Amino acid sequence: QVQLVESGGGLVQPGGSLRLSCAASGFTFSRYVLSWYRQAPGKERELVALITSGGSTNYGNSVKGRFTISRDNAKNTVYLQMNSLKFEDTAVYYCYSNYRPGYWGQGTQVTVAS
């Protein structure tokens with residue numbers, strides 16, 4: 001049974017930082033691409049960052065230079081370090097694995113407010 005469980009969301013002021021975690025189970029974590037997506041109210045879900053099995057990364061344009069994705073294969077966990085947070089980063093953040101047919105976590109809310 002595949003599970004992806006996000007944690008680390010919360011309320012933060014503009015300019016602040018948060019670190020999200022996604023703990024995975026039920027598949028061979030190290031072999032697959034792991035991604036973070038987000039969805040703000042009234043908007044489509046968008047890719048924030050991804051990391052390949054080899055550790056290569058890619059970021060959405062709006063978060064480049066502020067967010068960092070990483071993975072710990074020994075812990076079956078992927079992280080998203082978010083720095084210099086802005087109001088527009090407010091969204092539900094989801095973890096995704098491309099282990100077929102593709103699996104989503106339940107999401108964690110990030111709210112940037114003063």
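Please refer to the structure higher up on the page.
Attention in this report is confined to the structure presented alongside it. (Residues numbered from 1 in each chain as written. Predicted model: local features only at pLDDT ≥ 70, side-chain atom pairs only at ≥ 80, totals over all residues. Heavy atoms only, no water.)

Observations concerning the state of the cysteines
Right, so step 1: All chains considered together, the criterion is met by 1 disulfide.
Right, so step 2: A sulfur-sulfur distance of 2.2 Å marks the disulfide that ties Cys-22 to Cys-95. Its torsion about the S-S bond being -85°, the disulfide of Cys-22 and Cys-95 is classed as left-handed. Of the two residues, Cys-22 sits in strand E3 (residues 18-25) while Cys-95 sits in strand E9 (residues 91-97), which places them 73 residues apart along the sequence. (Disulfide = S-S within 2.5 Å. Helix = DSSP H or I, 4+ residues; strand = E, 2+ residues; numbered from the N terminus.)

Things to note about the pattern of salt bridges
Any two side chains of opposite charge can pair, on the condition that their charged atoms come close.
Right, so step 1: Applying the stated rule across the entire model yields 3 salt bridges.
Right, so step 2: Notably, a salt bridge pairs Arg-38 with Asp-89, separated by 2.9 Å at the nearest N-O pair. Placement of Arg-38 in strand E4 (residues 34-39) and of Asp-89 in the loop between strand E8 (77-82) and E9 is noted, with a sequence separation of 51 residues between them.
Right, so step 3: Arg-38 sits in the buried class, given a relative accessible area of 5%.
Right, so step 4: A salt bridge links Asp-89 to Arg-66; the nearest nitrogen and oxygen atoms lie 2.8 Å apart. Residue Asp-89 is found in the loop between E8 and E9, and its partner Arg-66 is found in the loop between strand E6 (57-59) and strand E7 (67-72); the two are separated by 23 residues along the sequence.
Right, so step 5: Accessibility expressed as a relative area gives 0% for Asp-89, which makes it buried. (Salt bridge = Lys/Arg side-chain N within 4 Å of Asp/Glu carboxyl O. Buried < 20%, exposed > 50% of the residue type's maximum accessible area, 1.4 Å probe, protein only.)

Here's the deal with the nonpolar core
Right, so step 1: In terms of nonpolar packing, the biggest core is built from 28 residues, with Trp-36, Val-78, Leu-80, Met-82 and Tyr-93 touching the most fellow members.
Right, so step 2: Of all the secondary structure elements, the ones that give two or more residues to this core are E3, E4, strand E5 (46-51), E7, E8, E9 and strand E11 (108-112).
Right, so step 3: Among the elements that make up this core, the one with the highest residue count is E3 (4 residues).
Right, so step 4: Contact partners of Val-78, with chain neighbours within four places excluded, come to Leu-20, Ser-21, Cys-22, Phe-29, Leu-34, Trp-36, Ile-51, Ile-69, Ser-70, Arg-71 and Cys-95. (Core = buried A, V, L, I, M, F, W, Y, C linked by side-chain atoms within 4.5 Å. Contact = heavy atoms within 4.5 Å.)

Concerning the pairing of E11
Right, so step 1: A one-sided burial pattern is seen for E11, the buried positions being Thr-108, Val-110 and Val-112 and the unburied ones Gln-109 and Thr-111.
Right, so step 2: Across 3 bridges, E9 lies against E11 in antiparallel orientation. Pairing of Val-92 across the sheet is with Gln-109, part of E11. (Pairing = 2+ DSSP bridges.)

Quick look at the environment of Gly-10
Right, so step 1: Note that Gly-10 resides in strand E2 (residues 10-12).
Right, so step 2: Residue classification places Gly-10 among the partly exposed residues on the basis of a relative accessible area of 25%.
Right, so step 3: In the structure, Gly-10 is positioned 42 residues away from Thr-52 in sequence and 27 Å away in space, judged by C-alpha atoms.
Right, so step 4: If we ignore the near neighbours within four places in the chain, the residues touching Gly-10 are Leu-18, Gln-109, Val-110 and Thr-111.

Thoughts on the side chain of Ser-97
Right, so step 1: With respect to the helices, strands and loops of the structure, Ser-97 is situated in strand E9.
Right, so step 2: A distance of 3.1 Å separates a polar atom in the side chain of Ser-97 from the backbone nitrogen of Tyr-99. (Polar contact = N/O pair within 3.5 Å; in protein donor to acceptor, adjacent residues only side chain to side chain.)

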